[in-house]
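Fold and contact review
Residue-level listing of the chains:
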Amino acid sequence: MAKLFTEFQLKNLKLKNRIFMAPMCMYMASFDGLFTPWHYVHYLTRSIGGVGSIIIEATAISPEGRITEADLGFYQDEQVELFQNLIKEAHKNKTAIGIQLGHAGRKSQTGGKIIAPSSIPYPGLKTPEAMTKTMINEVIRAFGKAAARAERASFDFIEIHAAHGYLINQFLSPLTNKRNDEYGRNKSLFFQEIILEIRKFWPPEKALLVRVSAEEYHPEGNHPEDISKILKEIPGIDLVDVSSGGVINVKIDTYPNYQVGFSETIKKQTGLPTIAGGLITKAEEANSILESGQADLIYLGRELLRNPYFALRSSKELKQEIEWPKPYIRAK
Ligand SMILES: Cc1cc2nc3c(=O)[nH]c(=O)nc-3n(C[C@H](O)[C@H](O)[C@H](O)COP(=O)(O)O)c2cc1C
């Protein structure tokens, strides 16, 4: 049996196969970060297309935590019901569905307040205000409130966005965190406190994922070994979604599997299961990463934008019998 189509279980998260839809901002939210018919159709199509799991795009825990004004937010109670409708439908296809919670920090371009661990701008963007302890506590509490909403909406898992140079990554990175207080001496403290706060509202039997930038592409930035060390010290993390870059403005040399080695290092050094991805376009490529033991799960981003039915098609390529949605069986 091709490993890509084997089941995977983590706490009470049950996956029918090992294909994740990567979180991808659609910049299609309506006024004040609300979910729209675009999102409903976009996500449900990939669910019908057979992915084991969907990670909803970066969704901000506060209005100024959005990257742009067209981002989704989860600071509004009315968002719960909108997500619920999608989750119910996705579950009919046995697709697990989670949400990526984040804060853009110094990369926010909403026109609102711009905050960061230190007052250092991202090239081309406005200079952020260095966060006071009160501001830090406000953000931590907002993550908890968003987690409570995620639980009310019946999400299967939460993914914390600690990658791509957004706020949590800004605290983790020595390139952007130049603080002299406890949040500078211990660069993972902010991240740890967010996880603790989320766990107050997110049941222990439900999976908590984190997305990290394993490599910051700068000699003084974090590397997979540094990120592994941070992850090992933080309790409450169940699964690591491995990405890279975004902290500084640097051109990355990308090619198929360019991030898979990072996943392998993190998996080995932390003992946590990982999701690997980046430029994967073929079923055989995805399957061989799993067979080699470099990751437990695979994420696909742009390939799923081109082909929402990747999973259904891949099952044929890997000669794997899987259940198709009933109305589509005549196309099998
Ligand atoms: C349109 C688009 C939006 C993205 N938005 C997010 C996001 O919201 N959160 C995130 O962690 N990564 C985001 N990414 C990165 C993807 O999740 C993924 O890691 C990246 O595209 C590499 O995978 P791929 O080569 O399969 O596309 C985005 C990528 C694309 C193409």
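The paragraphs below set out a description of the structure included in this document. (Residues numbered from 1 in each chain as written. Predicted model: local features only at pLDDT ≥ 70, side-chain atom pairs only at ≥ 80, totals over all residues. Heavy atoms only, no water.)

**Observations regarding empty space enclosed by the protein**
The rolling of a water-molecule-sized probe over the atoms marks out the regions of remaining empty space. By the definition in use, this model includes 1 cavity of 30 Å³ or more. Size it by volume and the largest cavity reaches roughly 70 Å³. Around the largest cavity, the lining comprises 13 residues; the ones closest to its centre are Ala58, Gly65, Ile67, Gly102 and His103. In terms of residues, the lining of the largest cavity owes the most to one element, strand β4 (residues 53-60), which gives 3 residues. Of the residues belonging to the lining of the largest cavity, the class tally is 6 nonpolar, 5 polar and 2 charged. (1 Å grid on protein atoms, 1.4 Å probe; cavity = no way out; pocket = protein on both sides within 12 Å on 5 of 7 lines; lining within 4 Å. Points joined across faces, edges and corners; volume = space filled by probe spheres on them. Helix = DSSP H or I, 4+ residues; strand = E, 2+ residues; numbered from the N terminus. Nonpolar A, V, L, I, M, F, W, Y, C, P; charged D, E, K, R; others polar.)

**Points about the environment of Glu138**
Relative to the elements of secondary structure, Glu138 occurs in helix α3 (residues 133-152). Between the alpha carbons of Glu138 and Ser62 there is a distance of 9.7 Å; along the sequence they are 76 residues apart.

**Focus: the packing of aromatic side chains**
Counting across every chain of the model gives 9 aromatic pairs. Ring geometry for Phe83 and Phe155: centres 5.2 Å apart, planes at 65°, overall edge-to-face. Taken together, the residues Phe83 in helix α2 (residues 79-92) and Phe155 in the loop between α3 and β9 (157-162) connect sequence positions 72 residues apart. Accessibility expressed as a relative area gives 0% for Phe83, which makes it buried. Three or more aromatic residues link up through ring pairs in this structure, and these residues are Phe35, Phe74, Phe83 and Phe155. Sitting over the face of the ring of Tyr122, Lys107 holds its NZ or CZ atom 4.8 Å from the ring centroid. Sitting over the ring of Tyr166, Lys107 keeps its end group 4.8 Å from the ring centre. (Phe/Tyr/Trp six-rings, centres within 6.5 Å; stacked < 30°, edge-to-face > 60°. Buried < 20%, exposed > 50% of the residue type's maximum accessible area, 1.4 Å probe, protein only. Lys NZ or Arg CZ within 6 Å of the ring centre and 35° of its normal.)

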